[in-house]
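Working through the structure, step by step
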Amino acid sequence: SQKIEQNSEALNIQEGKTATLTCNYTNYSPAYLQWYRQDPGRGPVFLLLIRENEKEKRKERLKVTFDTTLKQSLFHITASQPADSATYLCALLNTGNQFYFGTGTSLTVIP
Amino acid sequence: DTAVSQTPKYLVTQMGNDKSIKCEQNLGHDTMYWYKQDSKKFLKIMFSYNNKELIINETVPNRFSPKSPDKAHLNLHINSLELGDSAVYFCASSQDRVNQPQHFGDGTRLSIL
């Protein structure tokens, strides 16, 4: 069956450390993978998009990798801050223009 | 200057009623979407419209009917509401089809009594 799984529902890290979130997918062939941030009571906000032929994308303190062999994307936040606390969602565009979100990871950055 | 706005923010109603949720985007985007987020925060696409034409229609009950009067609006009408319809419904838009970043509204929390 098709699945998109993100690491542990909740992740706690110390301020200043690097947070690493994982997104693993099964039985998809994504052309694109996106990462979003969602705060309580708000809609998801787009962060980064990476294509299947790209290995890595960066934006300020954020970095995304995409490994189609491992069927995995990693999302890194360096020098994490309490303001980075939120739920992070990966989403992929599969062949046939089907778009699916992962289960989400709730990140808490502890001061 | 809200980019994607949906109304109402909260909707509490009885089982069996018919209700609508409205969505408008002022970004000039061609594609709009409806998503359902359940109590476990799982976000699932329901419909997508591109220039007023349906391009994605996931398996949802036919009690749910999207209506797009123009490319800036995508409304969601729900007939004969059931308890299982309780969720947060998000509207979103993107410049092109689904390979572009999506801009989301802040959701409509639907509660069925």
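Here the structure is shown first, and the text comes after it.
Okay, so let's go over this structure. If you're wondering where the values come from, they're calculated on a predicted model, not measured in any experiment.

Another point: the sheet that holds strand β1 (residues 4–7) of chain B. All names here are of chain B. Ordered by their spatial adjacency, four strands build an open sheet running β1-β3-β8-β7, and the pairing between neighbours is antiparallel. Of all strands in the sheet, those bounded by a partner on one side alone are β1 and β7 (64–70). Across this sheet, the average inter-strand angle for adjacent strands is 20°, counted without regard to direction. Strand direction decides the pairing type here: β1 and strand β3 (residues 19–25), joined by four bridges, are antiparallel. Note that in β3 the partner of Val 4 across the bridge is Gln 25.

On to the sheet that holds strand β7 (residues 62–67) of chain A. Residues and elements named next belong to chain A. On the basis of which strands lie adjacent, the open sheet formed by five strands has the order β1-β3-β8-β7-β6 and antiparallel pairing. Each edge of the open sheet carries a strand with a single partner, namely β1 (3–6) and β6 (56–59). Across this sheet, the average inter-strand angle for adjacent strands is 15°, counted without regard to direction. One ladder, built from six bridges, connects strand β3 (residues 19–26) with strand β8 (residues 72–77); its direction is antiparallel. Note that in β8 the partner of Ala 19 across the bridge is Ile 77.

Bringing empty space enclosed by the protein into the picture now. All names here are of chain B. One pass over the structure, following the stated rule, counts one cavity of 30 Å³ or more. Space inside the largest cavity adds up to approximately 30 Å³. Lining the largest cavity, in full, are Asp 30, Met 32, Tyr 49, Asn 50, Asn 51, Lys 52, Ser 68, Asp 70, Lys 71 and His 73. Looking at the lining of the largest cavity residue by residue, the class counts come to two nonpolar, four polar and four charged.

Quick look at the side chain of Ser 73 of chain A now. Residues and elements named next belong to chain A. Tracing the backbone shows Ser 73 in strand β8. Ser 73 sits in the buried class, given a relative accessible area of 0%. Only 2.8 Å separates the side chain of Ser 73 from the backbone oxygen of Thr 65, close enough to count as a polar contact. Excluding residues within four positions of it along the chain, Ser 73 makes contact with Leu 21, Thr 22, Cys 23, Leu 33, Trp 35, Val 64, Thr 65 and Phe 66.

About the thresholds
All residue numbers refer to positions counted from 1 along the written sequence of the respective chain. Here every chain gets a letter starting at A, and every ligand a number starting at 1, in the order they are written. Only residues with pLDDT of at least 70 get local features here, since the model is predicted, and only at 80 or more are side-chain atom pairs given and counted; chain-wide, interface and lining totals rely on the full set of residues. To get the side-chain values, take all heavy atoms of the structure and skip hydrogens and water. Two strands are said to pair when DSSP picks up at least two bridges between them. Put simply, DSSP H or I for four residues or longer makes a helix, DSSP E for two residues or longer makes a strand, and each gets a number counted from the N terminus. Helix axes are fitted only over the stretch in contact, all axes being lines through C-alpha atoms; the angle between N-to-C directions runs from 0 to 180 degrees. For cavity detection a 1 Å grid was placed over the protein atoms alone, and a set of points counts as a cavity when a 1.4 Å probe fits there but cannot get out; an open set counts as a pocket when protein lies on both sides within 12 Å along at least five of seven lines, with lining residues being those that have an atom within 4 Å of a point. Grid points are joined across faces, edges and corners, and a volume is the space filled by probe spheres set on the points. Residues are grouped as follows: nonpolar covers Ala, Val, Leu, Ile, Met, Phe, Trp, Tyr, Cys and Pro; charged covers Asp, Glu, Lys and Arg; every other residue, Gly included, is treated as polar. Classification of residues uses two cut-offs on accessible area relative to the type maximum, computed with a 1.4 Å probe and protein chains only: under 20% is buried, over 50% is exposed, and between them is partly exposed. In the analysis that follows, any N or O atom pair within 3.5 Å is treated as a polar contact, provided that within protein one partner can donate a hydrogen and the other can accept it, and provided that, for residues neighboring in sequence, both atoms belong to side chains. A contact between two residues is defined here by any heavy atoms of the two lying within 4.5 Å.

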